[in-house]
Amino acid sequence: MATFCFMAKAASFDPPQIPGWLQDGDVEVYEKDNLFNHINGASEFYFSYNFQKLWVTRYKQDEAEMTLEVYDHGDNVHAYGIYSMERPPEADVKNIGAQGYFEESILNFVAGRYYVKMNAYREPNAALGVLMSTARMVSDMLAEDPSLPDIIKAMPTDDLVPNSRQFVSNTFMGLEFLGSAYRAKYNNDDGELTFFVMERDSKADIESLLIKYHEFAQTDVSVLSEGSYVIEDPFNGTIHLKWVGNYIIGFSGDDLKSLRERLAAEMERNLGV
């Protein structure tokens, strides 16, 4: 996990000074009890990704305006998760923090436990100018090592659909008992599948999850042990699972056996299990 400089347990945020720009008012602080005042209608979604606190700083330069939002999600997994769920599929991602993307007047990135959202108004070429330079500065302030979550980094890259690596914090595949999972899409000339990884604290937790899944699918299972399973999920179709250590590696979508086997083997190697 990344090392954090100044905000890991801080109650306040000292915004950066941006050359040529003036801070416009005090830093706005939002917590769970008032986040709806800033993102009305979306706060529950942010809570599901371990939201801790938000600092909002506004800047002005003549008629131009800029807003810097720093969301603390407690760890790099949940910060990446909320970022990955909001990242557009067509985003041109860059090495900003752990990862980021920019459009004409918007720049969003993730760094350690923080999800940062920036926008500028009435500022020509903002993304390649003040937003980018400010993002580099803020990322350095927030995390010494703003790396992606380990499981995201471990996912194979061949045949990966761009911008499909995500962390789902709960109710994976619409099933509450499945909890959280990492997922990504892969495709080749024969079709597309969704590859996912569930990590739990112990093998007992994995066994409990598999028992519940079999019960949901109304499938009898006498003995559970590490190995492969096929679940006929009434909502999600045929699901291929492999239990290894504290992980489940799984697949849904098209029946691409050779791709499944290659992805599973590579993921096992990358995870060291």
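Residues numbered from 1 in each chain as written. Predicted model: local features only at pLDDT ≥ 70, side-chain atom pairs only at ≥ 80, totals over all residues. Heavy atoms only, no water.

Across the protein, pLDDT averages 92, with 95% of residues at or above 70. For residues 1-10, every residue scores under 50 in pLDDT, and the model assigns this stretch 30 contacts once sequence neighbours within four places are set aside. (pLDDT = per-residue confidence, 0-100. Contact = heavy atoms within 4.5 Å.)

Under the definition given, this model contains 10 salt bridges. D72 is paired through a salt bridge with R113; the nearest N and O atoms lie 2.8 Å apart. In this pair, D72 is assigned in strand β4 (residues 64-72) and R113 in the loop between β7 (106-111) and β8 (114-121), connecting sequence segments 41 residues apart. A relative accessible area of 5% places D72 in the buried class. For R113, a relative accessible area of 11% gives the class buried. In this structure, E86 engages K117 in a salt bridge whose closest nitrogen and oxygen atoms are separated by 3.2 Å. Of this pair, E86 sits in helix α2 (residues 76-86) while K117 sits in strand β8, and the two are 31 residues apart along the sequence. E86 gets classed as partly exposed once you look at its relative accessible area, which sits at 28%. (Salt bridge = Lys/Arg side-chain N within 4 Å of Asp/Glu carboxyl O. Helix = DSSP H or I, 4+ residues; strand = E, 2+ residues; numbered from the N terminus. Buried < 20%, exposed > 50% of the residue type's maximum accessible area, 1.4 Å probe, protein only.)

Turning to the pairing of strand β13 (residues 237-244), a few remarks are in order. Where strand β12 (residues 227-233) meets β13, seven bridges bridge the pair, whose relative direction is antiparallel. Pairing of E232 across the sheet is with T238, part of β13. Joining the antiparallel neighbours β12 and β13 is a turn of three residues. Strand direction decides the pairing type here: β13 and strand β14 (residues 247-253), joined by five bridges, are antiparallel. Note that in β14 the partner of L241 across the bridge is G250. As consecutive antiparallel partners, β13 and β14 are separated by two residues, and within that stretch G245 has a phi angle of approximately 60°, a positive value. (Pairing = 2+ DSSP bridges.)

All right, on to the environment of P146 then. The topology assignment puts P146 in the loop between α3 (127-142) and α4 (150-154). The spacing of P146 and I96 is 50 residues in sequence and 9.0 Å in space, taken between C-alpha atoms. When residues no more than four places from it in sequence are discounted, the contact partners of P146 are G97, A98, A111, G112 and S139.

The strand order across the open sheet formed by six strands is β9-β10-β11-β14-β13-β12, and the pairing between neighbours is antiparallel. The open sheet is flanked by β9 (166-168) and β12, the only strands paired with a single partner. Each neighbouring strand pair of the sheet contributes to a mean axis angle of 25°, computed without reference to strand direction. Sheet topology note: the strand β11 (residues 191-199)/β14 ladder contains seven bridges and is antiparallel. (Axes fitted to C-alpha atoms, helices over the stretch in contact; angles between N-to-C directions.)

With that out of the way, let us pick up unusual backbone geometry. A negative phi angle characterises most non-glycine residues, just as the trans form characterises most peptide bonds. In this structure, D159 is a non-glycine residue whose phi angle is positive, near 70°. As for its placement among the helices and strands, D159 is situated in the loop between α4 and β9. Of note, N163 is a non-glycine position whose phi angle comes to about 60°, a positive value. Note on placement: N163 falls in the loop between α4 and β9. Taking relative accessible area as the criterion, N163 reaches 18% and is therefore assigned buried.

Once that is clear, we can look at the pairing of strand β10 (residues 181-188). When β9 meets β10, the two strands line up antiparallel, connected through three bridges. Within β10, the residue paired with Q166 across the bridge is R183. In this structure, the hairpin formed by β10 and β11 is closed by a connection of two residues.

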